[in-house]
Amino acid sequence: MQLEVYGLDRKNINEAIVRTGSLVAIPSDLRIYLIRGSYNKAIKSLPKEVRGDIKILSKKGSFSYSFKKQDLIFIQLSDREYLLRNKKALIGLLLHEIMHTIQRKKRLDKQLKKSYSKFYLSRFPLLKKLDYNKKSLVNLFSYVGDTSVLLVKELYTNTEIINKGLSDYLIEYYKEEFTKTRTCPKPVFYEKFKKAARKDINIVRDVFEFEFALLGFILPLKKLKNKKVKSLINHVHSCYEINIEEIARKCKEITFIYEKDFGSKTFQKEFFEGVFFKVYDLLK
């Protein structure tokens, strides 16, 4: 494992890395970038063929990336000073991104994309029954598919961390990440969803992208009988449930599929089917 640090004191970072390495086996070929400030120096250190991708992804707070046989993790610490003050939260984020890398090595990404594509093609004829521009529908369901794959990856990653008995680190990270935000997103279109979708079908995409970003950690954590989890979920729930009651209600079936069948041979197909028909039913 190689650690690259930009704009930061290595001491506290090294302590968090060492502790993380004692909890999970960090892949030997992994390179971890921790950055405060500009990505420019880090990007210049990379091969030219990946610089464009990293520049686009750098808008995220953290992400993992692979090319050829090289695995990378990037964590941006600007505006996230809590990760420097709270070592446990930083370890939680490191565990999350490292687990993504481990699962990618097991080809989970490709397997999930293949699983969704196979299901989507089998249901594609149903799109003809919807009274929307067909090209827009195809683009929408392709995007929702990508977002669904990302959600399932989050479910696998966070569930695996919890199963390893490391949930305290994960809880600490999400608690810091979400409770530091005093204001919750309140998009006005949620209240009149179908009317808004008639004007702009991409609103459906935005709704599910927002919802799935929350479900990726809520579903695995809510199984735990933990006061910190309850407090975290109540906070997040109050943020989004009020604004998108209809969407949250319709996603309860997806929640049920995770709780009942996660880990089974049929889970992925059932989950993608649940997502597809949630979107389909909203547009009918």
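What comes next concerns the included structure.

**What to know about the pattern of salt bridges**
All chains considered together, the criterion is met by 16 salt bridges. Here Asp-29 ties to Lys-105 by a salt bridge, and the two come within 2.9 Å at their closest N and O atoms. Note that Asp-29 is positioned in the loop between helix H1 (10-23) and strand S2 (30-35) and Lys-105 in helix H5 (residues 87-105), a separation of 76 residues in sequence. One salt bridge in this structure joins Glu-172 and Lys-228, with 3.9 Å as the shortest N-O distance. Highlighted residues: Glu-172 in helix H8 (residues 167-179) and Lys-228 in helix H11 (residues 227-240), separated in sequence by 56 residues. Through salt bridges with shared partners, a single network forms among Asp-29, Asp-71 and Lys-105.

**Re the pairing of strand S1 (residues 2-6)**
Taking burial as the measure, the five residues of S1 include four buried ones, the bulk of the element. One ladder, built from five bridges, connects S1 with S2; its direction is parallel. Opposite Val-5, over in S2, you have Leu-34 as the bridge partner. Between the parallel pair S1 and S2, the chain is carried across by H1, and the sense of this crossover is left-handed.

**Thoughts on unusual backbone geometry**
Phi at Lys-68 takes a positive value of approximately 55°, unusual for a residue other than glycine. Turning to its location among the elements, Lys-68 is positioned in the loop between strand S3 (62-67) and strand S4 (70-76). The phi torsion at Arg-107 lies on the positive side, around 70°, for a residue other than glycine. With respect to the secondary-structure elements, Arg-107 resides in the loop between H5 and helix H6 (108-123). Note on Arg-107: relative accessible area 51%, which makes it exposed.

**Quick notes on H6**
The end-to-end C-alpha separation of H6 is 23 Å, in line with the 22 Å expected for 16 residues at 1.5 Å each. What H6 keeps buried is the set Leu-108, Asp-109, Leu-112, Ser-115, Tyr-116, Phe-119 and Tyr-120. The buried residues of H6 occupy an angular sector of 135° when the element is viewed end-on, so they sit on one face. Opposite the buried face of H6, by more than 90 degrees, sit the exposed residues Lys-110, Lys-113, Lys-114, Lys-118 and Leu-121. Along its buried surface, H6 packs onto H5, helix H7 (134-163) and helix H14 (267-283).

**Details of the packing of H6 against H14**
Interhelical geometry of H6 versus H14 gives an angle of 50° and a closest axis separation of 10 Å. One finds that H6 runs oblique with respect to H14. Note on packing geometry: the crossing formed by H6 with H14 is right-handed. Residue-level contacts link Gln-111, Leu-112, Ser-115, Tyr-116, Phe-119, Tyr-120 and Arg-123 of H6 to Gln-268, Phe-272, Glu-273, Phe-276 and Phe-277 of H14. In terms of residue class, the contact of H6 with H14 is made up of seven nonpolar, three polar and two charged.

What counts, and where the lines are drawn
Just so you know, the residues in each chain are numbered from 1, in the order the chain's sequence is written. At least 70 in pLDDT is required for a residue's local features to be given in this predicted model, at least 80 for side-chain atom pairs to be given and counted, and no such filter applies to totals for whole chains, interfaces and linings, which use all residues. Calculated side-chain values reflect all of the structure's heavy atoms, with hydrogen atoms and water omitted. Counted as salt bridges are all cases of a side-chain nitrogen of Lys or Arg within 4 Å of a carboxyl oxygen of Asp or Glu. By definition, any uninterrupted DSSP run of H or I lasting at least four residues is a helix, any uninterrupted run of E lasting at least two residues is a strand, and each is numbered from the N terminus. Burial classification: accessible surface area is computed with a 1.4 Å probe over protein chains only, and a residue below 20% of its type maximum counts as buried, one above 50% as exposed, and the rest as partly exposed. The pairing criterion for strands is at least two bridges between them, as found by DSSP. With its strands directed away from the observer, a crossover is right-handed exactly when the path from the first strand over the helix to the second travels clockwise. Helix span, as expected, comes to 1.5 Å for every residue beyond the first. Summarising the geometry, the arc corresponds to the directions from the helix axis toward the C-beta atoms. Contact criterion: two residues are considered in contact whenever any of their non-hydrogen atoms come within 4.5 Å of each other. Fitted lines through C-alpha atoms serve as axes, helices being fitted only where they are in contact, and the angles separating the N-to-C directions of these axes extend from 0 to 180 degrees. Angle categories: roughly parallel below 35 degrees, roughly antiparallel above 145, roughly perpendicular from 65 to 115, and oblique for all the rest. Helix crossings are classified by the rotation of the near helix relative to the far one: an anticlockwise turn of less than a right angle makes the crossing left-handed, while a clockwise turn makes it right-handed. The classification used treats Ala, Val, Leu, Ile, Met, Phe, Trp, Tyr, Cys and Pro as nonpolar, Asp, Glu, Lys and Arg as charged, and all other residues, Gly among them, as polar.

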